[in-house]
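Working through the structure, step by step
Listed below are the residues making up each chain.
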Amino acid sequence: MAVTMKSSESALEDQLFPLIKGPGNPSHGGVKLVLFFGWLGASPRAAQRYIDLYHELNYDVLYIHGHVTQFVWPPNSMKLARKLLRRVGELTEYEDLLCHAMSIGAYNYTSCLMLLQDPPGGCRSFRDRLRGVIFDSLTLGSIERMKNGVKHGLSQSPLMQFIIPRLLTVYFFFTYSHTLKFFENGVRLFEDNPLLVPTLILYSRDDPMCDADKIDDIIKKWREDLKMPVSFVCWAQSKHALHIKTHPADYTKAVRDFVNVYCLSRQPRSEGGKSKL
């Protein structure tokens, strides 16, 4: 019975986190794994651009879908994070891991970060195998920016985009201890206690869901105070979660260079330095 339950859990997690293997990748040996934290409302066609890019770089892709229920009720995000870390712990054939978090995907990544503060078992395995992290279109700076990200992810209707933030304001007022307080703690942890691995940040000045000045401050803090190797590309104009479409050559080069410099061999877990990119 226990074996059956275990098999059922694994099957459900396979559906929750689809593993998309590269068509030319060998079944074992030499292939790396990227945990791709998708953004809210990502279409299969849009996500495929990133999957194709990573397949070209000899990565298989574990796709973590972003859903509004993870944002509006943080226990759902924490539940997802626990299942994800367990799933990654089972994928022992991959010695090298990379995380790529898009928009609200960085929120789910932060839920994993919370669990990694005291890393037993599979969590330790995750930390030991992680070679780098890429953040794209961080929804960071204020709760208003987060609500702005949700309204754009849920609907393109002007009426719904007017209604959704107001409904969220009322909802968060009544659920503060379970929602806003969680967000505040998560942002603080994200800024003050990141995983000390090479990091690439992709963002733009005109993204209404991203506080570019805040990201500038985080980059400076991580480089100077934590001695982390942090690279970045900041475009003057580019749409949220569409940098790869708006600036395909720049985007692809940034990811390729980052992977080639930092993710082809093991990096010291506690040492840092200025970016080479």
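Throughout this document, residue positions are counted from 1 along each chain, in the order its sequence is written. Predicted model: local features are reported for residues with pLDDT of at least 70 only, side-chain atom pairs are reported and counted for 80 or more only, and whole-chain, interface and lining totals are derived from all residues. In computing side-chain values, all of the structure's heavy atoms are included and hydrogens and water are not.

**Topic: the pattern of salt bridges**
Counted only if it meets this: Every case where a carboxyl oxygen of Asp or Glu lies within 4 Å of a side-chain nitrogen of Lys or Arg is listed as a salt bridge. Each helix is a run of DSSP H or I of at least 4 residues and each strand a run of E of at least 2, with the numbering of both proceeding from the N terminus. Per-residue accessibility, obtained with a 1.4 Å probe over protein chains only, is compared with the maximum for each type, and a residue is labelled buried under 20%, exposed over 50%, and partly exposed between these values.
According to the stated counting rule, one finds eight salt bridges in the structure shown. Residue K214 is joined to E191 by a salt bridge in which the shortest nitrogen-to-oxygen separation is 3.2 Å. Residue K214 is found in helix α10 (residues 212-224), and its partner E191 is found in helix α9 (residues 180-192); the two are separated by 23 residues along the sequence. When its relative accessible area of 28% is taken as the criterion, K214 is described as partly exposed. According to the relative accessible area criterion, E191 is buried, its value standing at 13%. The residue D216 makes a salt bridge to R205 at a minimum N-O spacing of 2.6 Å. Taken together, the positions of D216 in helix α10 and R205 in the loop between β6 (199-204) and α10 put the pair eleven residues apart, joining distant regions of the chain. Judged by relative accessible area, which is 25%, D216 ranks as partly exposed.

**A look at the pairing of strand β7 (residues 230-235)**
Convention followed: DSSP calls a pair of strands paired once it identifies at least 2 bridges connecting them. A clockwise course of the path from the first strand over the helix to the second, judged with the strands pointing away from the viewer, identifies a crossover as right-handed.
Bridging between β6 and β7 involves six bridges; their strand directions are parallel. Within β7, the position partnered with S204 by the bridge is W235. Chirality of the crossover, the property in question, places the unit of β6, α10 and β7 among those that are right-handed.

**Quick look at the nonpolar core**
Which entries qualify depends on this criterion: The criterion is simple. A nonpolar core is a set of buried Ala, Val, Leu, Ile, Met, Phe, Trp, Tyr and Cys residues joined through side-chain atoms within 4.5 Å. In what follows, residue pairs with any heavy atoms lying within 4.5 Å of each other are defined as contacts.
One finds L35, F37, F71, L84, F126, F135 and I201 to be the most contacted residues of the largest nonpolar core, which totals 59 residues. Contact partners of L35, with chain neighbours within four places excluded, come to L62, I64, L84, V88, L97, L98, C99, H100 and F126. Counting residues in hydrophobic clusters, the runner-up holds 28 residues, among them W39, L53, Y54 and I134.

**Thoughts on the environment of L115**
Structurally, L115 can be placed in helix α5 (residues 105-115). A sequence separation of 30 residues divides L115 from L85, and the C-alpha atoms of the two residues are 8.9 Å apart. When sequence neighbours within four positions are dropped, the list of residues in contact with L115 reads M78, A81, R82, L85 and C123.

**So, the layout of surface pockets**
The line we're drawing: Put plainly, a pocket is an open set of points on a 1 Å grid over the protein atoms alone with protein on both sides within 12 Å along at least five of seven lines, a cavity is a set where a 1.4 Å probe fits but cannot get out, and a lining residue has an atom within 4 Å of a point. Grid points are joined across faces, edges and corners, and a volume is the space filled by probe spheres set on the points. Three categories are distinguished: nonpolar for Ala, Val, Leu, Ile, Met, Phe, Trp, Tyr, Cys and Pro, charged for Asp, Glu, Lys and Arg, and polar for the others, with Gly belonging to the last.
Taken as a whole, the largest pocket spans an internal volume of roughly 500 Å³. Forming the walls of the largest pocket are 25 residues, and the residues nearest its centre are S103, I104, T139, G149 and H240. Sorting the residues of the lining of the largest pocket by element identifies α5, α7 (143-154) and α9 as the ones contributing at least two each. The residue inventory of the lining of the largest pocket, partitioned by class, reads 15 nonpolar, ten polar and no charged.

**What about the sheet that holds strand β5 (residues 130-136)?**
Condition: Only the stretch in contact is used when fitting a helix axis, every axis being a line fitted to C-alpha atoms; angles between N-to-C directions are given from 0 to 180 degrees.
On the basis of which strands lie adjacent, the open sheet formed by seven strands has the order β1-β3-β2-β4-β5-β6-β7 and mixed pairing. Each edge of the open sheet carries a strand with a single partner, namely β1 (19-20) and β7. Pairing between β5 and β6: four bridges, direction parallel. From the neighbouring strand, D136 faces β6, where its bridge partner is L202. In this fold α5 packs onto β2 (32-37), β4 (97-102) and β5, with an angle of close to 135° to the strand it touches most, β4.

As far as function goes, none of this settles anything; it's purely spatial.
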